[in-house]
Amino acid sequence: MQKTIDISKQLKQTRRRENIAGYLFMAPSLLFFAGFVIFPMGMCLFTSMFDYTMTNFDFVGFSNYYELFRDPTFGKSLINTIIIVVASVPTVCLFSLWVGSIIYKLKDIHTSFFRCIFYLPVVTGSVAVTVVWKWMFNPYYGLLNYVFKGLGIISTNMNWLGNMDTALWCIILILFTTSVGQPIVLYVSALSNVDHSLVEAAEVDGATNMQVFWRIKWPQIMPTTLYILVITTINSFQCFALIQLLTSGGPNYATSTIMYYIYYEAFKLSRYGYGSAMGVILAIIIALFSAVQFRLAKSDQ
Amino acid sequence: MKKLLAVLLTLMMVLSMSTLAMAEAATEITLWTYPIGGWGNEETVNGIIANFNAVHPEIKVTVQYLDYASGDDQVTTAIEAGTTPDIIMEGPERLVTNWGAAGKMLDVSDLWTEEALADIGATSQAVVAACKTADGKYYEYPLCMTTHCMIIDRAAFEAADAMQYIDEETHTWTTEGFENALRALAAAGNPVTGIVYCGGQGGDQGTRALAMNLYSAKFTNEDHTAYTMNSEAGVKGIQKLADLVTEGVLTADPSIVAGDEIALFCNGTAKMSFCWNASAAASNKTSIAEGIEPFPMAFPSEDGVPELCGGIWGFGLFNNGDDAKAAAAKTFIQFVSDDKTQGPASVYATGFFPVRSSFGDIYAGTEKADNADYAIFMPYLGDYYNVTSGWATQRTEWWNMLQRVFAGGDVTTEVNAYVDASNASITK
């Protein structure tokens with residue numbers, strides 16, 4: 001009897017020690033997460049209630065939010081952001097799924113080659129990518145004008161980034177090229193992990209390629225798709241560097257996004273409270289979009 | 001007991017040694033500088049600091065180099081984080097109007113001795129006025145100044161027979177002459193004559209000076225409390241630019257910034273640049289393509305007498321609550337700005353002109369002798385209106401207004417919207 005009690009005590013002690021060790025292992029990342037994510041989020045929410053500038057720190061309640069919804073530039077930035085998300089997320093997902101489903105069947109060496117090619121813009125510095133694109137869009141000697149004129153699509157040079165009708169689409173195009181790399185790699189990996197015995201069984205039963213894809217592969221790659229949808233949505237909402245480096249939100253706010261407008265208000269005009277209020281709204285919008293995506297994906301599963 | 005004594009003894013020795021070391025240590029100060037000519041070059045600045053340390057070895061200066069694209073953000077972040085440098089080098093629009101007025105800077109009135117006031121005032125009273133706020137506190141001690149101008153490709157102008165519209169002796173021209181020159185250049189087969197860039201990010205002084213001077217408009221009122229480009233002359237100037245763009249003899253480009261426009265002049269694409277000065281001439285000397293003959297010009301005005309925008313650069317001190325560091329920082333500023341040998345050398349590094357009249361012609365007989373050519377514009381130095389409150393908002397509104405105008409917007413409506421938005425920011 002005494003022996004059983006001792007063993008039970010020892011087990012408890014071991015479990016406690018393991019628990020402590022577990023918490024200690026988690027502590028650095030938890031501290032990092034709390035310090036660099038939770039605390040700034042709380043601060044953002046807090047300062048959004050203040051007229052916080054270089055000289056003021058006065059409580060104003062929801063005034064910043066009230067001003068926000070009457071600010072036409074915020075409205076324009078919100079619309080631009082939504083256009084970017086709506087245009088880029090489905091195209092990135094569909095394109096990467098299409099490319100992924102082609103290259104995963106190739107020989108290993110070819111798959112690796114294409115993975116590298118598509119992943120290259122992801123690992124290339126955003127400034128370098130932007131400089132190259134800026135050169136391509138240059139209205140005086142840019143490659144795009146040269147090619148389009150050669151093909152007879154345009155007769156005179158276009159100012160792609162200086163035209164209010166084309167500037168945002170140029171940004172979306174660049175965002176697309178820099179966003180597809182990771183989803184392609186993820187899809188290649190997910191498609192390679194699909195249970196081939198099920199695919200073979202379906203093919204033996206006479207299922208078409210389409211039926212095999214929708215009935216067998218699609219459900220199995222759904223978690224990957226969901227992940228890609230969420231990260232692409234968040235990245236699209238947070239599109240900033242491209243705009244800062246290429247257009248500064250212009251011409252006439254045609255490429256201004258919420259992220260860029262937050263930066264402009266907070267760092268150019270030192271209106272930290274107002275910028276924080278925009279940050280809160282952006283976080284809410286991203287959370288809503290992600291929740292809808294999760295719900296849709298769940299119902300699909 | 002012995003062990004305890006040994007530990008105590010060791011501790012005491014360590015403490016006394018570190019106290020001694022601290023007493024002997026140099027006062028460390030930090031300097032943040034924007035790329036004001038050679039002051040953005042590490043080698044040049046290290047040379048200046050070495051000269052300073054030869055006289056003041058007790059002060060150690062650490063330098064951080066800012067650029068105009070992200071420098072303001074870095075300073076804003078530092079202000080909020082409480083990590084501002086001791087000294088910052090830039091112009092009154094930042095040091096006085098922005099950070100000084102916000103109470104982040106130290107009053108440097110003690111640097112403005114009677115001798116300094118007289119010497120700098122003899123060059124320009126506008127410089128003295130720009131360095132202080134309305135309540136008389138000085139937040140900047142200036143080192144150098146310049147007038148912003150434009151540059152043309154003399155070879156292209158000669159080929160188009162457009163030099164006839166220019167007064168080559170005074171480097172000035174009239175609005176009518178400017179128009180005729182643009183038409184002549186276009187007729188001679190130059191698809192890009194000049195580019196009114198409006199992509200933001202600085203260099204806006206060029207487009208401002210161009211629009212203002214065409215019909216001698218005032219950018220702000222006299223006491224710098226309101227933006228006034230919606231005056232008849234202001235609207236007329238911007239309308240003229242819009243008309244020239246519509247006519248096809250001038251280009252408007254919302255996709256490029258001043259740096260791009262300068263590059264397009266240097267590579268021969270554009271035949272003039274609206275963003276030029278003595279320092280730009282020095283820094284772009286090697287990048288100008290063969291066959292281009294740079295010829296500095298004042299901005300065109302109806303009567304041929306321009307009012308040029310000035311640039312003033314100098315030092316300010318952030319209020320970091322450390323008197324010893326503030327004193328050391330002032331010693332540094334006095335050395336680099338006022339010393340009879342180092343002062344002119346510090347100005348020489350910028351490529352601009354000294355604010356102190358006693359320094360005389362610092363470029364005579366040097367490899368930068370060409371810079372003296374730009375001294376011809378100094379008499380045209382206009383009001384330093386950059387110190388008007390709401391400057392940051394005004395700059396963004398300015399290029400947005402130009403973008404709307406060149407996209408076909410009604411000039412009067414857009415200029416009024418710009419002035420309203422800029423004036424509204426004055427009270428914020």
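None of these values were measured; they are calculated from a predicted model.

A. Geometry of the side chain of Thr133(B). In this fold, Thr133(B) is placed in the loop between α6 (125–130) and β4 (141–147). Polar contacts involving the side chain of Thr133(B) include one to the side chain of Asp135(B), which spans 2.3 Å.

B. Spatial organisation of the packing of helix α9 (residues 204–214) of chain B against helix α10 (residues 232–247) of chain B. All names here are of chain B. Close contact between α9 and α10 brings their axes to 7 Å; oriented N to C, the two are set at 110°. On the basis of the axis angle, α9 is roughly perpendicular to α10. The segment α9 lies against α10, with Leu210, Ala211 and Leu214 engaging Gly237, Ile238, Lys240 and Leu241. By residue class, the composition of the contact of α9 with α10 is 5 nonpolar, 1 polar and 1 charged.

C. Examining the packing of aromatic side chains more closely. Across all of its chains, the model carries 47 aromatic pairs over all chains by this definition. Between Phe69(A) and Phe74(A), the ring centres sit 6.2 Å apart and the planes meet at 90°, which makes this aromatic pair edge-to-face. Arranged with centres 6.0 Å apart and planes meeting at 25°, the rings of Tyr263(A) and Phe267(A) form a pair that is stacked. Here the residue Tyr263(A) and the residue Phe267(A) both occupy positions in helix α12 (residues 258–268), the gap between them amounting to 4 residues, near one helical turn. Three or more aromatic residues link up through ring pairs in this structure, and these residues are Phe46(A), Phe50(A), Tyr52(A), Phe57(A), Phe59(A) and Tyr272(A). Note that Arg271(A) overlies the ring of Tyr274(A), its terminal NZ or CZ placed 4.4 Å from the centroid. When the ring centre of Phe219(B) is taken as origin, the NZ or CZ atom of Arg208(B), which lies over that ring, is 5.4 Å away.

D. Main features of the domain arrangement of chain A. As assigned here, chain A comprises domain 1 (2–44) and domain 2 (71–300). The distance between the C-alpha centroids of domain 1 of chain A and domain 2 of chain A comes to 39 Å.

Definitions and cut-offs
- Residues numbered from 1 in each chain as written.
- Chains lettered and ligands numbered in written order.
- Predicted model: local features only at pLDDT ≥ 70, side-chain atom pairs only at ≥ 80, totals over all residues.
- Heavy atoms only, no water.
- Helix = DSSP H or I, 4+ residues; strand = E, 2+ residues; numbered from the N terminus.
- Polar contact = N/O pair within 3.5 Å; in protein donor to acceptor, adjacent residues only side chain to side chain.
- Axes fitted to C-alpha atoms, helices over the stretch in contact; angles between N-to-C directions.
- Parallel < 35°, antiparallel > 145°, perpendicular 65-115°, else oblique.
- Contact = heavy atoms within 4.5 Å.
- Nonpolar A, V, L, I, M, F, W, Y, C, P; charged D, E, K, R; others polar.
- Phe/Tyr/Trp six-rings, centres within 6.5 Å; stacked < 30°, edge-to-face > 60°.
- Lys NZ or Arg CZ within 6 Å of the ring centre and 35° of its normal.
- Domains from an automatic or database assignment.

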